[in-house]
Amino acid sequence: RDYRRDYSPDGSYTIAEDRDVEGKVGLDGKLAVAPTLTLDVTANTDFAQVEADQQMVNLSRFPLFFPEKRPFFLEASGNFSFGQSEQALAFYSRRIGLGGGGAPIPIEAGLRMSGRLGAERIGLLAVRTGCARQDGVATGACEDAVDVVARVKHDVLSRGYVGGIVTGQGGPGVRGTRLTAGADYELPFLVGGQNLVFAGYAMGTQDSGSASWRSAGRFFVDFPNDWSDDFLGISWVQSGFDPALGFVRQDGVWRHTGRFAWSPRPRW
């Protein structure tokens, strides 16, 4: 119920009760599509009980990375990971349900299917965002969009994979359609009883109003062993790279990284 103050000419007031009662009904469901594949649905989702973010002061010119805390996006989040954490990500779930200036946007409905089918690890996510409304009138932040993420990994060798991802955002509340697509791999080998890993990813993004693609990627080789731990990699983020559902800390950069460590273990 709502309460209001009724003021009299002398400045005094009385508190009156508004008899209008507002309610909200939500839905969460889980269905086992297959023994190793799960379908989750949500409607009129309420994240009021989610732990608030720790307040931080940003004194740099780069955006801050906040971890996801909403249960619907946390579960099976590993199936959707693509890119380099806190640097360049094709999918960053905090972009869903958050408008400009950090204003919350209501999630009207969502669907997530995740799990494994044979040698494939699958992740599919679709979310419909809307507008905060009161008495049928839009108030506060409004997006009115559909966000879609599709991710797949195919097992290769004994511990490796090759995979791909596609994300998109469209709807009446956004200008055109924004697409992001990428491919990645991780190939671990045993060479003389030692681990040798080749891994990398490349992705590009495009707006429907622009014909040009902007790209980002990273390739590296790792030798993570006891007596010698070596790493050599290269990464880039093209200027203007901004996936609709992703995270970019800094664009227009090339990075070359390397580390060589030798740790012998004498017998005496």
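(A) The overall build of the chain, seen in detail. Looking only at helices and strands, the chain has 1 helix and 16 strands in total. Sorting the 268 residues of the chain into buried and exposed places 32% on the buried side. Nonlocal contacts in the chain, meaning residues at least 24 apart in sequence, comprise 48% of its contacts between residues at least 6 apart.

(B) Here's a closer look at the packing of aromatic side chains. Following the criterion strictly, the structure yields 12 aromatic pairs and no others. Taking 5.7 Å as the distance between ring centres and 65 degrees as the angle between the ring planes, the aromatic pair formed by F82 and Y201 counts as edge-to-face. With a gap of 119 residues between them, F82 in the loop between α1 (71-74) and β5 (83-84) and Y201 in strand β12 (residues 194-207) connect regions that are remote in the sequence. Neither F82 nor Y201 differs from the other in exposure class; each is buried. Between R112 and the ring centre of F72, over which it is positioned, the NZ or CZ distance is 4.9 Å. Of note, K153 hangs over the ring of Y161, and the distance from its end group to the ring centre comes to 4.7 Å.

(C) Layout of the sheet that holds β5. A sheet is described by the order of its strands in space; here 3 strands give the open sequence β5-β6-β15, paired in antiparallel fashion. Looking along the sheet, the strands with just one partner apiece sit at the ends: β5 and β15 (247-248). Where β5 lies against strand β6 (residues 88-89), 2 bridges are found, and the strand directions are antiparallel. Residue pairing in the sheet places Q84 in a bridge with A88 of β6.

(D) Local environment of the pairing of strand β10 (residues 160-170). The buried fraction of β10 amounts to 9 of the 11 residues, a majority that puts the element mostly inside the structure. Pairing between β10 and strand β11 (residues 178-191): 9 bridges, direction antiparallel. Bridging across to β11, G163 finds its partner in D184.

(E) Main features of unusual backbone geometry. We note that E86 has phi near 65 degrees; this positive angle belongs to a residue other than glycine. With respect to the helices and strands, E86 occurs in the loop between β5 and β6. For L157, which is not glycine, the phi torsion reads 55 degrees and is therefore positive. One can find L157 in the loop between β9 (137-156) and β10. On the basis of relative accessibility, which here comes to 54%, the residue L157 falls in the exposed class.

(F) The pattern of salt bridges, seen in detail. Applying the stated criterion across every chain yields a total of 13 salt bridges. When the shortest N-O distance is used, the salt bridge between D40 and R112 registers 3.0 Å. Linking D40 in strand β4 (residues 37-43) with R112 in strand β7 (residues 107-117), this pair joins segments that are 72 residues apart in sequence. Of the two residues examined, D40 and R112, each falls in the buried class. Each of K30, D40, E75 and R112 takes part in one network of salt bridges that share partners.

Scoring rules and cut-offs
Residues numbered from 1 in each chain as written. Predicted model: local features only at pLDDT ≥ 70, side-chain atom pairs only at ≥ 80, totals over all residues. Heavy atoms only, no water. Helix = DSSP H or I, 4+ residues; strand = E, 2+ residues; numbered from the N terminus. Buried < 20%, exposed > 50% of the residue type's maximum accessible area, 1.4 Å probe, protein only. Contact = heavy atoms within 4.5 Å. Phe/Tyr/Trp six-rings, centres within 6.5 Å; stacked < 30°, edge-to-face > 60°. Lys NZ or Arg CZ within 6 Å of the ring centre and 35° of its normal. Pairing = 2+ DSSP bridges. Salt bridge = Lys/Arg side-chain N within 4 Å of Asp/Glu carboxyl O.

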